[in-house]
Each structure stands twice: as C-alpha cells, then as structure tokens.
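# A closer look at the structure
Here's the letter readout for the chains.
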Amino acid sequence: MLIPVRRAALHLLRSAGVFRLVSESKWRENRLLILCYHGISRYDEHVWRPSLYMHPEVLLQRLEILKQGQYNVLRFGEALQRLQTGDLPPRSLAITFDDGGYDFYAAGFPIIKRFGFPVTVYQTTYYGDYQEPIFNLVCSYLLWKGRDRILQNPKELGLTEPLDLRTETSRAQIVRKLVLDADASNLTGVQKNDLAATVAKSLDISYDEIISSRIFQLMNSSERAELAAVGVDFQLHTHRHRTPLEEGLFRKEVQDNRRSLQQLGETAIHFCYPSGIYRPEFSTWLQRENVVSATTCDSGLASKRSNPFLLPRFVDSSARSGVEFEAWLTGLGAWMTLRKAAPQIVPAAAGSASQVNDAVHSALANQARRK
Ligand SMILES: [Zn+2]
C-alpha cells in the first residue's frame, strides 16, 4: 500500500476506535512488542541517514505516546519470562537499542531516564575502547556534508577522477571505493582514521571537531558502567559485530562480548543478531553458550509460540510516522505490514568474518577486521 494511503487508513482506524479495541484485546495481551532503535542524532545525523538516526524530539514524542497510552514497559528479561508463563500485563512492550553508540549515552538515555522506562542495550564491545569514528560512516557523513561540491583534485585520497558529491549515488560510490581500497591495502584502524581526516581536510571540515564530538563512536567501558549502575540492561551483540559461519569463531564472539560486559554485573544471556542476519545453526550455537533468547530485525510481535531465538521486533525510525508507531503499539501494525523479514544477505565465503546488510553494520564489521 502506498505510504500516504496507509497513513490515511491508520488515522481512520484510530478515529473509529479500532486502535483501542486491538490494544485492549486478549490477542494483544498475549503478545510482547519489542521496540528496536539504533542511533539518536546529536547533530544532523537524522538528516543524513533518517533510517538509522532519529531526532531526540521524535524519541521524546514516542515515549510520550507510551506514557499517554499507559503501555506497560517491562524490563526485557522479565518480559520474556512473563510471555512464557502467560502473565504479561496488558499492552506490554520492551525497549531495545542496538550497538551501544555514544549517542545513546549522550542523547538517548537522558530522554528515557525522564520517563523511568527500563531499556536494554545490545552492546558490541570491541570498538568501545577505540575512540575514533567508524570509518565508513564518517566518510559517508563527510561527503554528505560537502554535497554541493565537486572535488576537482582528489589525489591525496588516492583517487584520480574529480569527485562529484552532488548526488547520493555518486557519494555512495566514492565511499565504497574508499572502503574497498582501504581494505585491499590492509589499512590499520589508525591509517583509516588518517584517511578520513584527509577526506575532512579536502572538504575544509575540522576532523579534530569530528573526533571530539564522539560522532559515530561507541560507548566506552566507563560510560557503560555508569549507565549499568542506574539500571540500563546490557546484553549481547557480539564482540566485533559479526557472526562468523564457523561455530568456534561464532561462539568466541559471544564469549568475548560477554566477558567485556561481565564487569557490569549480571551475566548477559540475551542476544541480538548483528544486522538482523541469522542462520538455522546460530540458535544451536547460542544455546551452547547458555544464551536464552535472540532478537531479529524481522517485524512482528512475540507470542508464546515464537521461537525464542528468532524473536521479532518493531524497528522504529524517523521514517515512521507517529500514527504508524501507535498502530504497532496496539498490535495492528503487525497485521498491516507488507515485508515482515529483514533482508538476509549471506556472505559468499563460508567462515567469512562478517555478514552485513547496511552501512552501520558493514562499517562496524570492517572497522573490527582492521584493528
Ligand atoms: Zn548492530
């Protein structure tokens, strides 16, 4: 259905009282909605990539809707237990954030805290100790910043042709070339950071400011500890944001990730697939690591019959309207969605280090490989 038509239909259904009927139904009471968020913008990231970054004001509005609608926001682990025992309160949901970016610490959590809602962060841990921006993302962002320009002489970037930054397609091609060349040259993290600094310089952007802003960086261990001390629940998302296809390597990702989170308190037992990509064997490997649940980026509400290692979520973003968000809270959104499963892109080579399906995740995986 075309988006404006769908939105109009949702407004009609809400006015007709259908939202309320569904949200108060027994069907909804037996289901858990798991909300999924990525970045909360601190500057203009939501303009650059609205599918990944949400303006803090939009997050505030979302949480206001939860409060006004008297939704029962549960701690994730408790919510899963109560789902299994058939003991969920009406209109129940859990809030999750993927990756654990610095923006969660600086922009996301301060808003959530105002409402007192419990929140789970699926934290990838390796990158947190490297206080530099994720290479692919910062390159893409810098080129977007220069989107009215043509760089006539990009020799210092290792490129020969003039770079036209005026269209999204050409910018994406340039980022791709920078990333592939950097990988082919086996650049270290430090060298990639230097290259990103050169990109910034060629666009007259201060890279020092980019670094000190902590944009595209992850939370470090002391920031995680600070949030854990006030109740933020940290769970597993692999150490290097990748899911190797070889069991030993896959399980090592879980073990390293868990070890890094150990200092925060309780042992992490819930997992979220990086990039939402899963394979049948992953659930067995996770169980061997004493993991009890895994969330995907597939759309839906979880029920008692859901596979606990393939739990669906609602991936919220700036691109979603308020009425669409509300439809998902009631449960109605699950009935109206067209594409339920997230794209599953499996790497060509078995045992490959990572599987990626979007810029953030590709960036995280690439960053880790080169450290
Ligand atoms: Zn992720």
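Scroll up to find the structure this text is about.
Residues numbered from 1 in each chain as written. Predicted model: local features only at pLDDT ≥ 70, side-chain atom pairs only at ≥ 80, totals over all residues. Heavy atoms only, no water.

## Section: the packing of aromatic side chains
- Per the counting criterion, the structure on display carries 23 aromatic pairs.
- Ring centres 5.8 Å apart and planes at 90° place the aromatic pair W48 and Y141 in the edge-to-face group. With W48 in helix 4 (residues 45-48) and Y141 in helix 8 (residues 135-145), this pair connects stretches of sequence that are 93 residues apart. In terms of burial, W48 and Y141 fall into one category: buried. (Phe/Tyr/Trp six-rings, centres within 6.5 Å; stacked < 30°, edge-to-face > 60°. Helix = DSSP H or I, 4+ residues; strand = E, 2+ residues; numbered from the N terminus. Buried < 20%, exposed > 50% of the residue type's maximum accessible area, 1.4 Å probe, protein only.)

## Describing the side chain of S321
- Positionally, S321 belongs in the loop between strand 12 (311-315) and helix 15 (322-330).
- When residues no more than four places from it in sequence are discounted, the contact partners of S321 are R7 and R62. (Contact = heavy atoms within 4.5 Å.)

## A word on unusual backbone geometry
- One non-glycine residue with positive phi stands out, namely N186, at about 55°.
- For N186, the position within the fold is in the loop between helix 9 (168-184) and helix 10 (189-202).
- Unusually for a residue other than glycine, H241 sits at a positive phi of about 55°.
- Structurally, H241 is set in the loop between strand 9 (233-236) and helix 13 (247-262).

## Brief notes about the pattern of salt bridges
- With the rule as written, the count across this model stands at 26 salt bridges.
- Two residues, K192 and D183, come together in a salt bridge whose shortest N-O distance is 3.4 Å. Across this residue pair, the class does not change: K192 and D183 are buried.
- The salt bridge partner of E281 is R279, with a shortest N-O separation of 3.0 Å.
- Since its relative accessible area comes to 24%, E281 is described here as partly exposed.
- Taking the relative accessible area as the measure of exposure, R279 reaches 27% and is therefore partly exposed.
- Counted as one network, the salt bridges with shared partners bring together R240, R242, K252, E253, D256 and R259. (Salt bridge = Lys/Arg side-chain N within 4 Å of Asp/Glu carboxyl O.)

## Some details on the nonpolar core
- Membership of the largest hydrophobic core comes to 49 residues, with the highest contact counts inside it found for L35, L66, I95, F97 and F104.
- For this core, the elements supplying multiple residues, two or more each, are strand 1 (33-37), helix 5 (56-68), strand 5 (92-99), helix 7 (102-115), strand 9, helix 13, helix 14 (280-288) and helix 15.
- Ranked by residues supplied to this core, first place goes to helix 7 with six residues.
- If we ignore the near neighbours within four places in the chain, the residues touching I95 are L35, Y37, L63, L66, V73, F117, P118, V119 and T120.
- L151, A182, V199 and F216 belong to the second-largest nonpolar core, a separate cluster that totals 32 residues. (Core = buried A, V, L, I, M, F, W, Y, C linked by side-chain atoms within 4.5 Å.)

## Some words on the pairing of strand 12
- Summarising burial for strand 12: four of the five residues are buried, a large majority.
- Note: strand 1 against strand 12, two bridges, orientation parallel. By the bridge assignment for strand 12, C36 is matched with V315.
- Here strand 11 (residues 293-299) pairs with strand 12 via two bridges, running parallel. Following the sheet pairing, T295 is matched in strand 12 by L311. (Pairing = 2+ DSSP bridges.)

## A look at helix 8
- A large share of helix 8 lies buried, amounting to ten of its eleven residues.
- Listing the buried residues of helix 8 in full gives F135, N136, L137, V138, C139, S140, Y141, L142, L143 and W144.

## What to know about the environment of L142
- With respect to the helices and strands, the residue L142 is situated in helix 8.
- A relative accessible area of 0% places L142 in the buried class.
- Through-space distance from the C-alpha of L142 to that of S202 is 9.9 Å; in sequence the pair is 60 residues apart.
- Not counting residues within four places of it along the chain, the set of residues in contact with L142 comprises A196, V199, A200, L203, I205, Y207 and I210.

## Some thoughts on the packing of helix 5 against helix 15
- Following both chains from N to C, one finds helix 5 and helix 15 inclined at 40°, their axes separated by 11 Å at the closest point. With respect to each other, helix 5 and helix 15 are oriented oblique. When the axes of helix 5 and helix 15 are compared, the crossing they make is right-handed. Contacts from R62, I65 and L66 of helix 5 reach helix 15 at G322, F325, E326 and L329.
- Of the residues belonging to the contact of helix 5 with helix 15, the class tally is four nonpolar, one polar and two charged. (Axes fitted to C-alpha atoms, helices over the stretch in contact; angles between N-to-C directions. Parallel < 35°, antiparallel > 145°, perpendicular 65-115°, else oblique. Left-handed = near helix turned anticlockwise from the far one by under 90°. Nonpolar A, V, L, I, M, F, W, Y, C, P; charged D, E, K, R; others polar.)

## Observations concerning the side chain of S306
- Counting through the fold element by element, S306 comes out in the loop between strand 11 and strand 12.
- Here S303 takes part through its backbone nitrogen, which lies 2.8 Å from a polar atom of the side chain of S306.
- The residues contacting S306, other than those within four sequence positions of it, are L301, L311 and P312. (Polar contact = N/O pair within 3.5 Å; in protein donor to acceptor, adjacent residues only side chain to side chain.)

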